[in-house]
Amino acid sequence: MAIKQELIDELLSDYKNPEDLLGEGGIFKELKKALLERALSAELSDHLGYDKGDPKGKKTGNSRNGHGSKRLTGEDGEMEIAVPRDRDASFEPQIVKKGQRRFDGFDDKIISMYARGMSVREIRGHLEELYGVDVSPDLISRVTDEVMDEVREWQSRPLDEVYPIIIFDALRVKIRDEGTVRNKAVYLALGFTIEGHKEVLGLWIEQTEGAKFWLRVVNEIKNRGVNDVFIAVVDGLKGFPEAISAVFPETSVQTCIVHMIRHSLNYVPWNERKAVAADLKAIYRAESADAAALRLDAFEEKWDGKYPPIGQSWRRNWEQVIPFFAYPEAVRKIIYTTNAIESLNMSLRKIIKNRGHFPSDDAATKLLYLALRNAAKKWTMPPRTWKAALNQFAILFQDRFPASIY
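What you see is a predicted model; the values in this text were computed from it and never measured.

A. Representation of the pattern of salt bridges within the structure. Taken as a whole, this structure holds 14 salt bridges when the rule is applied. Residue Lys184 is joined to Asp177 by a salt bridge in which the shortest nitrogen-to-oxygen separation is 3.1 Å. Two residues, Asp279 and Lys302, come together in a salt bridge whose shortest N-O distance is 3.0 Å. With Asp279 in helix α11 (residues 270-284) and Lys302 in helix α12 (residues 289-303), this pair connects stretches of sequence that are 23 residues apart. Judged by its relative accessible area of 53%, Lys302 falls in the exposed class. Residues joined by salt bridges that share partners form a network here, namely Asp177, Arg182, Lys184 and Asp361.

Below, the structure is given as structure tokens:
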């Protein structure tokens, strides 16, 4: 909407310094107040069916009944406006709704700051510094608590029928539980759709350890519409492969190679990590399972004297390592690099590192969901090797491949 130059000149007739324009009693704030009040008056006229002072309003059964005051919080600080009333209290204003105490978009700013890992104290200080608004901790909690409804809807949304790959991973978060701060695991399921797009299927905070917990997670995924998963990548957690096989018996369960390498290198000092990593790479980059087994023998012969737990770990998980070798290079690369889940976890850890601990499971869930939502906005393109991998999936899992893709 174009504003006439004459009006701008009139508004700026007494302008002397920036405070006259942007300050507490400046033109911007006063103009916003005047426009809101004029809009509210126009809304009431529309509701009543006649303008203020119009004789048609006599004996209509309803009429104007003065004004009430409302204090609103927003980027301009606090602003008090006059809200017109009608006699039978049937007027429902739209630009500033009944019960509204904050301008549209103000809550979104609080949520945005919270999603970036800012504490309640930091959010209060930021709002005070930028807008001169003193926001109570209770208000910030109420605004962010409203996110939980969105979380519940997201966590129960329907999923695709088929996911070629789902990667399960965990990060540790300190959460207060029954008066004690516990180091809980938060598990994520990152799926690759048939089109190659990444999608976080859900997050779960571990309540009870073991196969029962995993069975609940996998059953939840199935109940939300997933009928088949070609490959499930896990981090070697006890009971997880069995839980997946119980719900998706045809799914190939693959131990995450990145986790295997990271676990192995924990036993190695910095000066020898490069050499050990190169010999481990020779195992997982082998052309076949038989060749990999021979290279594992060679690795143990070379390094068992110094680091016996490494060979033992690979032997212990070998049944979940060898499915990897049945796939062509295009599929292997997506599985063993797991860059998607690694970068996701890195962004989450960055958010929670300054938190100390969370007061509850809901508080942790709320922040992690918002951080995941922000991360997902950057996911636009499938992996570069996805087309080649999809062609291989169509051959390897021909009977299970969705007919709609052909």
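So much for the structure itself; the text now carries on.
B. Structural detail: the pairing of strand β4 (residues 180-192). The sheet contact formed by strand β3 (residues 162-177) and β4 spans 13 bridges and is antiparallel. Its bridge partner lying in β4, Ala170 is registered against Tyr187. The antiparallel pairing of β3 with β4 creates a hairpin that spans two residues between the two strands, and Glu178 there sits at a positive phi of about 55°. Hairpin connection between β4 and strand β5 (residues 198-205): a loop of five residues separates the two successive antiparallel strands, and Gly196 in this loop has a positive phi of roughly 90°.

C. Main features of the environment of Val247. Within the element layout of this structure, Val247 appears in helix α9 (residues 240-247). Residue classification places Val247 among the buried residues on the basis of a relative accessible area of 11%. Taking the C-alpha atoms as reference, Val247 lies 6.6 Å from Asn219; in sequence the two are 28 residues apart. Beyond its immediate chain neighbours, meaning those up to four positions away, Val247 contacts Leu215, Val218, Asn219 and Lys222.

D. Geometry of the side chain of Ser252. For Ser252, the location among the structural elements is in strand β7 (residues 252-255). Among residues more than four places away in sequence, those in contact with Ser252 are Phe230, Ile231, Ala232, Pro323 and Tyr327.

E. Structural detail: the packing of aromatic side chains. Within the structure shown, the criterion is met by 13 aromatic pairs. Note on Phe230 and Phe401: the rings are 6.3 Å apart at their centroids and 25° apart in plane angle, and the pair reads as stacked. On the criterion of sequence distance, the pair formed by Phe230 in strand β6 (residues 228-234) and Phe401 in the segment after α18 (386-396) is long-range, its members being 171 residues apart. Ring pairing ties together the aromatic residues Phe192, Phe230, Trp386, Phe393, Phe397 and Phe401, which thus form one cluster. The lysine or arginine in question, Arg273, covers the ring of Trp270, its NZ or CZ lying 4.4 Å from the ring centre.

F. Geometry of the environment of Gly61. Summarising the element assignment, Gly61 is placed in the loop between α3 (27-48) and β1 (64-74). Distance from Gly61 to Leu48, taken between C-alpha atoms, is 9.6 Å for residues 13 residues apart in sequence.

G. The nonpolar core, seen in detail. By size, the foremost hydrophobic cluster in this structure holds 83 residues, and its most contacted members are Ile165, Ile231, Val276, Trp314 and Phe393. Counting residues per element, this core draws most heavily on helix α17 (residues 361-376), at nine residues. If we skip the residues at most four places from it in the chain, Ile165 touches Leu190, Gly191, Phe192, Ile231, Val233, Ile334, Ile335, Trp386 and Phe393. Counting 25 residues, the second-largest nonpolar core is a separate cluster that includes Ile166, Ile221, Val226 and Val229.

H. Representation of the pairing of β6 in the model. Within β6, seven of the seven residues are buried, leaving the element largely enclosed by the surrounding structure. Pairing geometry for β3 and β6, over five bridges, is parallel. What sits directly across from Ile165, in β6, is Ile231.

I. Focus on the side chain of His259. Relative to the helices and strands, His259 resides in helix α10 (residues 257-265). A polar contact is formed between the side chain of His259 and the side chain of Asp169, at a distance of 2.9 Å. Apart from the residues within four sequence positions on either side, His259 is in contact with Asp169, Asp235 and Glu342.

About the criteria used
Residues numbered from 1 in each chain as written. Predicted model: local features only at pLDDT ≥ 70, side-chain atom pairs only at ≥ 80, totals over all residues. Heavy atoms only, no water. Salt bridge = Lys/Arg side-chain N within 4 Å of Asp/Glu carboxyl O. Helix = DSSP H or I, 4+ residues; strand = E, 2+ residues; numbered from the N terminus. Buried < 20%, exposed > 50% of the residue type's maximum accessible area, 1.4 Å probe, protein only. Pairing = 2+ DSSP bridges. Contact = heavy atoms within 4.5 Å. Phe/Tyr/Trp six-rings, centres within 6.5 Å; stacked < 30°, edge-to-face > 60°. Lys NZ or Arg CZ within 6 Å of the ring centre and 35° of its normal. Core = buried A, V, L, I, M, F, W, Y, C linked by side-chain atoms within 4.5 Å. Polar contact = N/O pair within 3.5 Å; in protein donor to acceptor, adjacent residues only side chain to side chain.

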